[in-house]
Amino acid sequence: MVVPLFCVEDEYMSNGLVFIPFAFGGNPASESGPRCIKHIIDKIEIDADIFCYEQSIDESPRDFLAQITYNLKDLIKKYEKLVVVGGNHLSILPLYRVLYQRNSKDVIITMDAHRDYYPEKSLSHASFLATICKNENKKHYLIGARDLDRHQEINNAIEILTDDLCKHQFSNITLLDIDVDVIDPIIFPSCGSPIDGGFSFEAIKEWVRFCDNRECKIISISEYIPNWDNAQVNAEMILEIIRVFLGQN
């Protein structure tokens, strides 16, 4: 059973902050990313209930992801805004499962330098989106993919956008999922699979504000590797993204 390692329950909070240190099927160093961000946040004041979910030694990766999916269903209902900080991108799969399984109309934005639905037989951070099937109630867009020169099968559930999403007049957005390798690696080198080019940090914050203005309820951040983060510069960027979304910057 996965339980919160730390949770603020003294008073009602409208925000939830979830950490998932998990790196199965990807760079193992990414598991330390959520722990690093949580360690920093534990030392500052932030208006959010805080949860950290750790995989137990006798729990399989699939069982762990299933338990996280179950937990997130309740957290999404409970909080006005939810931030999920995962290890590798596979740790965000439970969010996609929750949204794709419910009947509501949802707009989902995935920001990633890669199309994480590579035709691999095993479940990994590079293939997990292939497990998602098209749902007419969902509009799912991939922004920032820079691996488009590589041969890859198409996932009919996800539309790749190469232009500015602001041209699409959505009334609301449910999830903004940020894999940090979508950022220019010159600015954000602390990730495992960098591709030249990418978004500036200011552009990422503009995306967060854009989605927040369209009633975005959830953001997720993954693939941060603190081992390669000199003086925690990139960790501070992640904290700023969280503050911008929660309106605490």
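In what follows, the structure referred to is the one given above.
Keep in mind the model is a prediction, meaning the values are calculated, not measured.

Caption draft 1: Examining the environment of Ala235 more closely. Along the chain, the position of Ala235 falls in helix 5 (residues 233-246). Between the C-alpha atoms of Ala235 and Ile225, which are ten residues apart in sequence, the distance is 9.1 Å.

Caption draft 2: View of the layout of surface pockets. There is about 150 Å³ of room inside the largest pocket. Forming the boundary of the largest pocket are 13 residues, of which His114, His125, Asp181, Ser193 and Glu223 lie nearest the centre.

Caption draft 3: Representation of the pattern of salt bridges in the model. Scanning the entire structure with this criterion turns up nine salt bridges. Of the charged contacts, one joins Lys138 and Asp106 as a salt bridge, the two residues approaching to 2.6 Å between their closest N and O atoms. Within this pair, whereas Lys138 is found in strand 5 (residues 138-143), its partner Asp106 is found in strand 4 (residues 106-111), the two being separated by 32 residues in sequence. Residue Asp147 pairs with Arg115 through a salt bridge whose shortest N-O separation is 3.1 Å. One end of the pair, Asp147, is in the loop between strand 5 and strand 6 (159-161); the other, Arg115, is in the loop between strand 4 and strand 5, and 32 residues separate them in sequence. Using a relative accessible area of 0% as the deciding quantity, one classes Asp147 as buried.

Caption draft 4: Quick peek at the side chain of His114. In this fold, His114 is placed in the loop between strand 4 and strand 5. In terms of polar contacts, His114 uses its side chain to reach the backbone carbonyl oxygen of Ser193, at 3.2 Å. With residues near it in sequence (within four places) discarded, His114 still touches Leu142, Asp147, Arg150, Asp181, Ser193 and Ile195.

Caption draft 5: A look at the state of the cysteines. All chains considered together, the criterion is met by zero disulfides. Of all cysteine sulfurs in the structure, the one in Cys36 sits closest to Cys191, which takes part in no disulfide; the separation is 15 Å. When its relative accessible area of 3% is taken as the criterion, Cys191 is described as buried. Its sulfur unpaired, Cys211 is 5.1 Å from the next cysteine sulfur, which belongs to Cys216.

Caption draft 6: Fine view of the packing of helix 4 (residues 201-212) against helix 5. The N-to-C vectors of helix 4 and helix 5 enclose an angle of 25°; their axes lie 9 Å apart at closest approach. Between helix 4 and helix 5, the crossing angle belongs to the class labelled roughly parallel. In the crossing of helix 4 with helix 5, the sense of the turn from one axis to the other is right-handed. Contacts between helix 4 and helix 5 involve Phe201, Ile204, Lys205, Val208, Arg209 and Asp212 from the former and Met237, Glu240, Ile241, Val244 and Phe245 from the latter.

Parameters and conventions
Residues numbered from 1 in each chain as written. Predicted model: local features only at pLDDT ≥ 70, side-chain atom pairs only at ≥ 80, totals over all residues. Heavy atoms only, no water. Helix = DSSP H or I, 4+ residues; strand = E, 2+ residues; numbered from the N terminus. 1 Å grid on protein atoms, 1.4 Å probe; cavity = no way out; pocket = protein on both sides within 12 Å on 5 of 7 lines; lining within 4 Å. Points joined across faces, edges and corners; volume = space filled by probe spheres on them. Salt bridge = Lys/Arg side-chain N within 4 Å of Asp/Glu carboxyl O. Buried < 20%, exposed > 50% of the residue type's maximum accessible area, 1.4 Å probe, protein only. Polar contact = N/O pair within 3.5 Å; in protein donor to acceptor, adjacent residues only side chain to side chain. Contact = heavy atoms within 4.5 Å. Disulfide = S-S within 2.5 Å. Axes fitted to C-alpha atoms, helices over the stretch in contact; angles between N-to-C directions. Parallel < 35°, antiparallel > 145°, perpendicular 65-115°, else oblique. Left-handed = near helix turned anticlockwise from the far one by under 90°.

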